[in-house]
Structures are given as structure tokens and as C-alpha cells.
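# Structural features, examined
Residues per chain are reported as follows:
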Amino acid sequence: MVERAKPVVLGGPDYEESPYSIIGEDEFFDAVDAALDKQDQEEEVLLRHRNPVNISVKPLELQVPSKTRLSDEVESLVAKHTELLRAGIGLEKGNWECIADEGGMKVYRMELEENGLVLDPLRAVHTVSGVTAHELCQYFFDPEIRLDWDTTLESSRVIETLSTDTLISHQVHRRVWPSTARDSLFWSHIRQVPDEEDIEAQPIWLVVNYSTEHPNCLTAKCVRINLNVAFICQTILDPPSEVEQLTRSHIKTRITYTADVNPGGWVPASVIRTVYKHEYPKFVKRFSQFVKDAVHDKQLMF
């Protein structure tokens, strides 16, 4: 087992994130930039010790969405994200900036601040070959393997399993000094929905993560992140000939990722935007490759 290295904290509490911090914005920026470089190096070491081929998930049998105490909120958020997808994820409205464009992946950001706090919504689109929508969403949803692909987490645990398709998770995120440690508490729901605009198309799979509260997980020493995230996928088939068998070479999946996050705290806007520009494209690429490596020799999961 590989343990994650703890960040070295220097300078004392006066030089850490708080309303009374004496560290300047330029110093804060330089410190975070250096910490991210170091974190990248540590993550490369971690990833070299992992073999996604040995990681597998069991397909979920999702017939009718389960009824839980959060069903009304879940249904509302699923509907909103599905409508946003059909409307082109909203990129035609507002001043969106493309912050990453590489290998078929594009990540967009729109600058938004409220009371000096950065609330920039992000949208990403990507296409991955050889992987199905079900596989991508299953790996994104499954809490048992989250630490195998999400290198930004210190810990992750399920607080409550509400049903087969809905659970409540708590995550502690790796600290990037001099920012304060952060955690998140959210329900996560996986769903398959038909493509109402094309009845012959493959169904849409999505996972929605949305901040919530739970009596067994109150806010402690961390700054709690508020989030509304959707990971939406649809498989595109290139049908084989009559004499061919359907293989991974005949499929690709279009990924749409939306993230509306309130990081809380007192991190300068320039620093938050630097972290977003660094982390979101990296996440989309690494997660997609992780799943591709994990399933390449396994039976297709539709």
C-alpha cells in the first residue's frame, strides 16, 4: 500500500489562508503554484504503483430509480442536468472562455464572483474511444475505487447508502499549502435515461454529485466545499459489418462534465482560477485513461 505524502507546512498560521492572513496575493499564488508542481510529481509516483487492469466493478441493475428521502431533490437535479445537456450545456449563453483544448477535450470556464468569492462554473467535453458510457459512469460512481483514480483526495468514505443508485459520501481533499484543508459531503446518484431526441441512439448515463448535510458528518476543521457536479456520457456506435463481432474498436463515448463549485474560505481569486485551470483538464484526461486501461480486456458493459 502506498501512503500519500503529507504536505510540508511552513511559515505558521499567520501565513495560511484566513481572513487575517498576512501573506500577499503574489506570495499565495507562488506558494500554491509550487505546491501543485510538487503534488503532480507525487501523483505520478502514486499512479506508477497502480495497475487499473486489476480493478473492476460490477454492473448495476438499474430498472426504476429508487425511492429515498432525497428522491425529490435527486429528480430535480437529474432533470436540470439532462435539460442542460440537451441545450448544449449552456455554452451559447454567457462569456465562456476555453481554458484547455487538447486531444479532443475542451474545458470552458465562465468567471463569476459573488461577494468576492469565486464561483466560476466549468464545462468540459471529451470523447473517449473503446469505452462505454455505462463503464465510465460506473467507475465514476463506485466509492470502492474512488481513491484509485482520484489523486486529489486524502480520504473518501460512504456515510450512508440510501439505495443501489444513491449514496452519501464524505471526502477530505488533499491540502495545497497555504490554503486551508477542505472537505465535501454530497449525495451521489447514478442513472440511465433514454435519449428522447433520438430513439435509436444509445441511452444516456449520468452521475450527479450534490452537496448535502448529514448528522453523522458535521463540519469540523475543514472548509466545506459546496458542489453541484454532473458526469454525463453517451456511447456512439460504429456498427460492425455482418461478419464482424462488436468490439471496443467499434465504440466511443462522448463525455460532458459540468461543475459548479463554491470553494468557500478566503483564497484569492487568481489562485482559485489557477488551480481550476490546472486540475480540471488533468482530471478529465486521467480519469478517462484510467477507465480505458481498466476495461480494455474486459467484456463490454452497456
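Now for a look at the structure at hand. (Residues numbered from 1 in each chain as written. Predicted model: local features only at pLDDT ≥ 70, side-chain atom pairs only at ≥ 80, totals over all residues. Heavy atoms only, no water.)

## Notes on the environment of Ala35
Its location among the elements puts Ala35 in helix 1 (residues 25–48). Between the alpha carbons of Ala35 and Trp177 there is a distance of 6.6 Å; along the sequence they are 142 residues apart. Not counting residues within four places of it along the chain, the set of residues in contact with Ala35 comprises Val176 and Trp177. (Helix = DSSP H or I, 4+ residues; strand = E, 2+ residues; numbered from the N terminus. Contact = heavy atoms within 4.5 Å.)

## Examining the environment of Asp37
Checked against the element boundaries, Asp37 lands in helix 1. With relative accessibility at 40%, the residue Asp37 sits in the partly exposed group. For the pair Asp37 and His278, spaced 241 residues apart in sequence, the C-alpha to C-alpha distance is 10.0 Å. (Buried < 20%, exposed > 50% of the residue type's maximum accessible area, 1.4 Å probe, protein only.)

## Brief notes about helix 2 (residues 71–86)
For helix 2, with 16 residues, the first-to-last C-alpha span of 22 Å sits near the 22 Å given by 1.5 Å per residue. Its buried side turned inward, helix 2 meets strand 8 (182–193), strand 9 (204–211), strand 10 (223–237) and strand 11 (251–262). At the exit of helix 2 stands Gly88, carrying a positive phi of roughly 80°. (Expected span 1.5 Å × (residues − 1).)

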